[in-house]
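The primary structure of each chain is shown beneath.
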Amino acid sequence: MYAAIGTIAVPLSIVTHELGHFVLYQLFGAANIQLHAFSVSADKDAQSSFQIAAANIFGPVISYLTIGLAILFTRNKYIPFWIILGFAAPLGRIVNAVYIYFRMLGYTPSPNFDEFNFSRALNIEPLLLSVITLLIVTLTLVLFTAKAWKAGGFLEIIYVIFSLGIGLAVWNFLGGIILL
């Protein structure tokens, strides 16, 4: 059952996040927009900094809305689908931890991820948004780990992690094929 849930929930989380970017680029009239398994590309030459920033941050906004729904639907009852979706939604945001790590080492990398691109488009220090994002991700993962622990202890956590791995593997394999 958990493998099936992961196969649906994880790709759903990834696709809705990427569709957030895709839809905003469409609304803003960007050219050559392409939806990929784990990203969206577009020619943004005609877009303003605000439009680029909005399109970059709208994927994470969708992820945060997904987390909010997962919290709401598991408030009174343990529902594995929503728990797994709640775990899956912030996974892509973990990239902020890597960015923070390299900044702490004294490097000033110029990566390509949503919060960094949003900050750069608005000329805001990216480290600030990365720290806030990492706090949200950490709290989310702690919350859903506690829910899984309460529902079934260590074994339940293993099932959830297994389902996330299956979902990521399936989407990694099929996502590129489906979105050709």
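See the structure above.
Computed from a prediction, not measured in an experiment: that's the story for all the values here. (Residues numbered from 1 in each chain as written. Predicted model: local features only at pLDDT ≥ 70, side-chain atom pairs only at ≥ 80, totals over all residues. Heavy atoms only, no water.)

Asks: What is the right way to look at the packing of aromatic side chains in this model?
Replies: Applying the stated rule across the entire model yields nine aromatic pairs. The interplanar angle of 65° and the centroid separation of 5.7 Å between the aromatic rings of Tyr99 and Phe113 together place this pair among those described as edge-to-face. With Tyr99 in helix 4 (residues 95-104) and Phe113 in the loop between helix 4 and helix 5 (114-121), the pair connects residues that are 14 residues apart, well separated along the chain. For the pair Tyr99 and Phe113, a shared accessibility class is recorded, and that class is buried. Aromatic pair Tyr101 and Phe102: ring centres 5.4 Å apart, planes at 75°, arrangement edge-to-face. Among the aromatic residues, those joined into a ring-pair cluster are Phe73, Phe81 and Trp82. (Phe/Tyr/Trp six-rings, centres within 6.5 Å; stacked < 30°, edge-to-face > 60°. Helix = DSSP H or I, 4+ residues; strand = E, 2+ residues; numbered from the N terminus. Buried < 20%, exposed > 50% of the residue type's maximum accessible area, 1.4 Å probe, protein only.)

Asks: Which parts of the structure should I look at to understand the packing of helix 3 (residues 80-88) against helix 6 (residues 126-178)?
Replies: Between two packed helices, what matters for the description is the angle formed by their axes and the separation of those axes. Between helix 3 and helix 6, whose axes approach to 10 Å, the crossing angle comes to 100°. Relative to helix 6, the element helix 3 lies roughly perpendicular. Residues Trp82, Ile83, Ile84, Gly86, Phe87 and Ala88 of helix 3 form the contact with helix 6, whose participating residues are Thr140, Leu141, Phe144, Thr145, Lys147, Val160, Ser163 and Leu164. (Axes fitted to C-alpha atoms, helices over the stretch in contact; angles between N-to-C directions. Parallel < 35°, antiparallel > 145°, perpendicular 65-115°, else oblique. Contact = heavy atoms within 4.5 Å.)

Asks: Please clarify how the packing of helix 1 (residues 2-27) against helix 3 should be interpreted in this entry.
Replies: Contact geometry for helix 1 and helix 3: axes closest at 9 Å, N-to-C directions at 45°. Taken together, the axes of helix 1 and helix 3 lie oblique to each other. Crossing geometry of helix 1 relative to helix 3 is assigned as right-handed. Only Pro80, Phe81, Ile84, Leu85 and Ala88 of helix 3 make contact with helix 1, whose side of the interface consists of Tyr2, Ile5, Gly6, Ile8, Ala9, Val10, Leu12 and Ser13. (Left-handed = near helix turned anticlockwise from the far one by under 90°.)

Asks: Just checking my understanding: could you explain the nonpolar core for this structure?
Replies: Note on soluble globular proteins: their nonpolar side chains tend to be buried together. Of all hydrophobic cores here, the largest spans 21 residues; its most connected members are Ile84, Phe87, Phe144, Val160 and Leu164. For this core, the secondary structure elements donating two or more residues are helix 1, helix 2 (49-73), helix 3 and helix 6. When sequence neighbours within four positions are dropped, the list of residues in contact with Phe87 reads Leu141, Phe144, Thr145, Val160 and Leu164. By size, the runner-up hydrophobic cluster in this structure holds eight residues, among which are Tyr25, Val40, Ala42 and Ala55. (Core = buried A, V, L, I, M, F, W, Y, C linked by side-chain atoms within 4.5 Å.)

Asks: I keep staring at the environment of Thr16 and nothing clicks. Help me out?
Replies: By the secondary structure assignment, Thr16 is in helix 1. Between the C-alpha atoms of Thr16 and Pro60, which are 44 residues apart in sequence, the distance is 9.8 Å. Those residues in contact with Thr16 that lie beyond four places of it in its chain are Ile62 and Thr66. One polar contact links the side chain of Thr16 to the main-chain carbonyl oxygen of Leu12, over a distance of 2.9 Å. (Polar contact = N/O pair within 3.5 Å; in protein donor to acceptor, adjacent residues only side chain to side chain.)

Asks: Hey, could you run me through the pairing of strand 2 (residues 40-43) in this one?
Replies: Here strand 2 shows one buried face, formed by Val40 and Ala42, and one open face, formed by Ser41 and Asp43. Pairing analysis gives three bridges linking strand 1 (residues 31-35) to strand 2, with the strands arranged antiparallel. Counted as the bridge partner of Gln34 is Ser41 from strand 2. Where strand 1 folds back onto strand 2 in an antiparallel hairpin, the turn is made up of four residues. (Pairing = 2+ DSSP bridges.)

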